Amino acid sequence: MTPIQFALIIALASLLAWIPFALIGARSRKAGTVTSGQLEVMPVSDITDVGRRKFLLRGVGFASLAFLGQFALASIDFLYPRLRGGFGSKISVGNADDLRAELGNREPKFIPDGRFYLTLYEGDPAEAADIPAYKAANVDVSGFMALYRKCVHLGCSVPYCPPSKWFECPCHGSKYSIHGEYREGPAPRSLDQFRAEVVDGELIVDTATIIAGAPRGTSTTQPQPEGSNCVSV
Ligand code: FES
């Protein structure tokens with residue numbers, strides 16, 4: 001759904017919600033209209049009741065509008081990251097050459113807006129081209145891997161373990177290499193990825209589409225941890 005469609009739905013919902021109050025108000029106005037022939041003296045207590053009812057109706061109406069307005073603003077605020085290029089859209093991560101130099105120290109860089117770790121692929125590009133997940137993520141061409149931080153087992157956030165240089169999930173002990181390849185635990189596959197492309201020197205990662213990780217058994221790099229593990233399960 002586009003933001004414009006969403007805004008139209010909110011506006012329509014606001015109008016629909018207002019209809020019952022408008023009908024009640026119209027009915028009370030109609031009931032209060034009298035001709036000169038019908039004019040009669042009302043007791044002061046009845047006049048006070050009518051005034052109170054109108055006041056309450058208007059109060060409820062304004063409160064409802066205020067609530068709907070706040071709901072609409074909160075919803076638009078919720079969608080705002082998507083509008084400005086956050087998770088769920090294409091993200092410009094930075095200058096590709098600068099990122100290559102930074103990642104050359106073999107520490108992944110976490111990109112909070114995109115919820116992924118960025119690493120440099122260290123395997124053979126020709127081998128990566130034969131792996132459908134890597135091909136879809138453009139690993140063989142860009143040389144970058146954008147690894148979704150969400151564990152493919154049950155969805156926990158997977159932290160990076162500096163001693164082993166693996167990603168190790170604290171929930172049930174799944175472990176993945178620095179390139180997100182499955183190594184141990186109950187995870188059904190390697191970490192999911194996003195497509196990364198270098199456009200005019202900028203690295204662009206498309207977080208709108210999640211690419212399912214390579215199958216278990218994929219081992220193009222780093223088969224063993226490089227130090228002690230952080231998770232012992
Ligand atoms: S959620 Fe990560 S191992 Fe279960």
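Given the structure is predicted, the values throughout are model-derived calculations rather than measurements.

(A) The arrangement of the sheet that holds strand β10 (residues 202-211) in detail. What the six strands build is an open sheet, ordered β1-β10-β9-β4-β3-β2; its pairing is antiparallel. Of all the strands in the sheet, the pair left with one neighbour each is β1 (90-95) and β2 (109-111). With direction set aside, neighbouring strand axes in the sheet form an average angle of 30°. When strand β3 (residues 116-120) meets strand β4 (residues 144-148), the two strands line up antiparallel, connected through five bridges. Each bridged residue has a counterpart across the sheet, and for L120 the counterpart in β4 is F144. The strands touched by helix α3 (residues 96-103) are β1, β2, β3, β9 (193-199) and β10; relative to β1, the strand with the most contacts, the crossing angle is about 75°.

(B) Structural view of the pairing of β9. For β4 and β9, the ladder comprises two bridges, and the chain directions are antiparallel. In the sheet register, A146 faces β9, and the bridge partner there is F194. In this antiparallel pair of consecutive strands, β9 and β10, the connection spans two residues, and D200 shows a positive phi of 50°.

(C) The arrangement of unusual backbone geometry in detail. Of note, D200 is a non-glycine position whose phi angle comes to about 50°, a positive value. Tracing the backbone through its elements, the reader meets D200 in the loop between β9 and β10. Residue classification places D200 among the exposed positions, given that 6 C-beta atoms sit within 10 Å. If you check the backbone angles, Q222 has positive phi at about 40° while not being a glycine. Along the chain, the position of Q222 falls in the segment after β10. Look at Q222 and you get partly exposed, because 19 C-beta atoms sit within 10 Å.

(D) Highlighting the environment of Q224. With respect to the secondary-structure elements, Q224 resides in the segment after β10. A tally of 9 C-beta atoms within 10 Å means that Q224 is categorised as exposed. Counting along the chain gives 41 residues from Q224 to R183, while the straight-line C-alpha distance between them is 8.4 Å.

(E) Region of interest: the nonpolar core. Core analysis: the biggest nonpolar cluster contains 38 residues, and F116, A137, A146, F194 and V205 have the highest contact counts within it. Residue assignment for this core shows that the elements contributing at least two residues are β1, β3, α5 (132-136), β4, β5 (160-161), β6 (166-168), β9 and β10. Here the element with the most residues in this core is β4; it accounts for five residues.

(F) Region of the structure containing the environment of E181. Looking at the element boundaries, E181 is found in the loop between β7 (175-176) and β8 (182-184). Overall, the presence of 28 C-beta atoms within 10 Å leaves E181 in the buried class. The sequence separation of E181 and P215 amounts to 34 residues, and the corresponding C-alpha distance is 8.3 Å.

Cut-offs applied
- Residues numbered from 1 in each chain as written.
- Predicted model: local features only at pLDDT ≥ 70, side-chain atom pairs only at ≥ 80, totals over all residues.
- Pairing = 2+ DSSP bridges.
- Helix = DSSP H or I, 4+ residues; strand = E, 2+ residues; numbered from the N terminus.
- Axes fitted to C-alpha atoms, helices over the stretch in contact; angles between N-to-C directions.
- Contact = placed C-beta atoms within 7 Å.
- Buried ≥ 20, exposed ≤ 12 C-beta atoms within 10 Å, placed from the backbone.
- Core = buried A, V, L, I, M, F, W, Y, C linked by C-beta atoms within 7 Å.

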